[in-house]
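# Observations on the model geometry
Listed below, chain by chain, are the residues.
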Amino acid sequence: MSLLTLRPLLARNRFGPLALIRMVGTIPVLKQSRCYATAKRESAESTSLSAATDRADVSTDVRPLGERVKENTKTASYMGVILLGVGVTSVLFYAIFKELFSSNSPNNIYTEALERVKDEPKVKDALGAPIKGFGEESRRGRRNHVAHTSYVRDGVQYIRMQFYVQGIRNKATVHLEKRMNDSGDYEYRYLFVQLDYYPHSTIILEDNRLQQDALKSLPSLQTIV
């Protein structure tokens, strides 16, 4: 084959190798461009996420300052009312506990005195057994209130009480007074039952007034001596 015959073929394919070389050379450039675009997109997404987080940390409360102060004051008032209610409830529970379980409470003093009156043979004979006790009659006809008075004299605590007893034949009024000793317990000054029917005689269960008054006057006598 002569060169004249091969010349048209070479002329037709001479750009093939060059085109192939150029395509191979552009592949790294395309990869680099794609990597750059991907990195840029990831950076933009990271920036957007960071901005969103920053916006979430910023308070969205756009109310006026006066309104926020008013709401905080209202909340503090509610808390004060709650604490006051808890305090009042605690005081009530303490009073109830003291009334029911303390041996020096008026209710327990009444219960103990009533048992002594009901067990006294002279009272049984005068009133007739069985005997029941009750307090002052209220407007509704209830008799569960026992009249009592607490007072302090010469630095000593006293309690005075009055209630009623009734048997199958007659009624009577019970009078008692107690004083607190050095141990913090109440002891009787007197306990007696006054019959409501004629001749209104009195049944004395305990009377320590003379003895206690004499003991009380001993320090003054020693001082005079």
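Looking now at the overall build of the chain. When its secondary structure is counted, the chain shows six helices and six strands. The buried share of the chain, taken over its 225 residues, is 19%. Put simply, 41% of the contacts in the chain that link residues at least 6 apart link residues at least 24 apart.

Attention shifts here to the side chain of Gln212. When you line up the elements, Gln212 lands in helix α6 (residues 209-224). There is a polar contact of 3.4 Å between the side chain of Gln212 and the side chain of Arg189. Apart from residues lying up to four places away in sequence, Gln212 is in contact with Arg179, Glu187, Tyr188 and Arg189.

What follows covers the confidence of the model for the chain. When pLDDT is averaged across the chain, the result is 75; 58% of the residues are at 70 or more. This stretch, residues 13-21, has a pLDDT under 50; its non-local contacts, to residues over four places away or in other chains, come to zero contacts. Here residues 221-225 is a poorly scored stretch, pLDDT under 50, and it has zero contacts once near neighbours within four places are set aside; other chains count.

Time to look at the nonpolar core. One finds Met161, Phe163, Val165, Leu176 and Val193 to be the most contacted residues of the largest nonpolar core, which totals 24 residues. Contributions of two or more residues to this core are made by α4 (106-119), α5 (121-127), β3 (156-166), β4 (171-180), β5 (186-195) and β6 (202-207).

To continue, consider the side chain of His175. Along the chain, the position of His175 falls in strand β4. On the accessibility criterion, His175 (18% relative accessible area) is buried. The residues touching His175, leaving out its near neighbours within four places in the chain, are Met161, Gln162, Tyr190, Leu191, Phe192 and Gln194.

Turning next to the packing of aromatic side chains. The full count for this structure, using the stated rule, is four aromatic pairs. Ring centres of Tyr151 and Tyr158 lie 5.2 Å apart, and the angle between their planes is 5°; on these two criteria the pair is classed as stacked. Since its relative accessible area comes to 2%, Tyr158 is described here as buried. Looking at Lys178, its charged tip hangs above the ring of Tyr188, at a distance of 4.3 Å from the centre.

Now for a nonpolar patch on the surface. Where nonpolar side chains cluster on the molecular surface, the patch consists of Met79, Ile82 and Val86 and spans about 280 Å² of accessible area. Turning to its location among the elements, Ile82 is positioned in helix α3 (residues 65-101).

Of all 10 residues that make up β5, eight are buried, and the element is covered over most of its length. Of the strand pairs in this sheet, β4 and β5 are connected by nine bridges, and their pairing is antiparallel. By the bridge assignment for β5, Lys178 is matched with Tyr188. Where β5 meets β6, five bridges bridge the pair, whose relative direction is antiparallel. Looking at β6, one finds that Leu191 is bridged to Glu206. What sits between β5 and β6 in their antiparallel hairpin is a turn of six residues, with His200 showing a positive phi close to 55°.

Glancing now at the pattern of salt bridges. Applying the stated criterion across every chain, the model contains seven salt bridges. A salt bridge links Glu187 to Arg179, with the nearest nitrogen and oxygen atoms 3.2 Å apart. With relative accessibility at 29%, the residue Glu187 sits in the partly exposed group. When its relative accessible area of 16% is taken as the criterion, Arg179 is described as buried. For the salt bridge of Asp207 with Arg209, the shortest nitrogen-to-oxygen distance reads 2.9 Å. Residues joined in a network through salt bridges with shared partners are Arg160, Glu177, Arg189 and Asp213.

A few words on the pairing of β3. Across three bridges, the pairing between strand β1 (residues 132-134) and β3 is antiparallel. Residue pairing in the sheet places Lys132 in a bridge with Gln166 of β3. Of the pairings in the sheet, the one linking strand β2 (residues 147-153) to β3 comprises seven bridges and is antiparallel in character. When the bridges of β3 are listed, Ala147 appears paired with Gln162. What sits between β3 and β4 in their antiparallel hairpin is a turn of four residues.

The rules we used
Residues numbered from 1 in each chain as written. Predicted model: local features only at pLDDT ≥ 70, side-chain atom pairs only at ≥ 80, totals over all residues. Heavy atoms only, no water. Helix = DSSP H or I, 4+ residues; strand = E, 2+ residues; numbered from the N terminus. Buried < 20%, exposed > 50% of the residue type's maximum accessible area, 1.4 Å probe, protein only. Contact = heavy atoms within 4.5 Å. Polar contact = N/O pair within 3.5 Å; in protein donor to acceptor, adjacent residues only side chain to side chain. pLDDT = per-residue confidence, 0-100. Core = buried A, V, L, I, M, F, W, Y, C linked by side-chain atoms within 4.5 Å. Phe/Tyr/Trp six-rings, centres within 6.5 Å; stacked < 30°, edge-to-face > 60°. Lys NZ or Arg CZ within 6 Å of the ring centre and 35° of its normal. Patch = residues over 30% accessible without salt bridge, like charges linked within 9 Å, V, L, I, M, F, W, Y side chains within 5 Å. Areas by Shrake-Rupley, 256 points an atom, 1.4 Å probe, with all protein chains shown as cover. Salt bridge = Lys/Arg side-chain N within 4 Å of Asp/Glu carboxyl O. Pairing = 2+ DSSP bridges.

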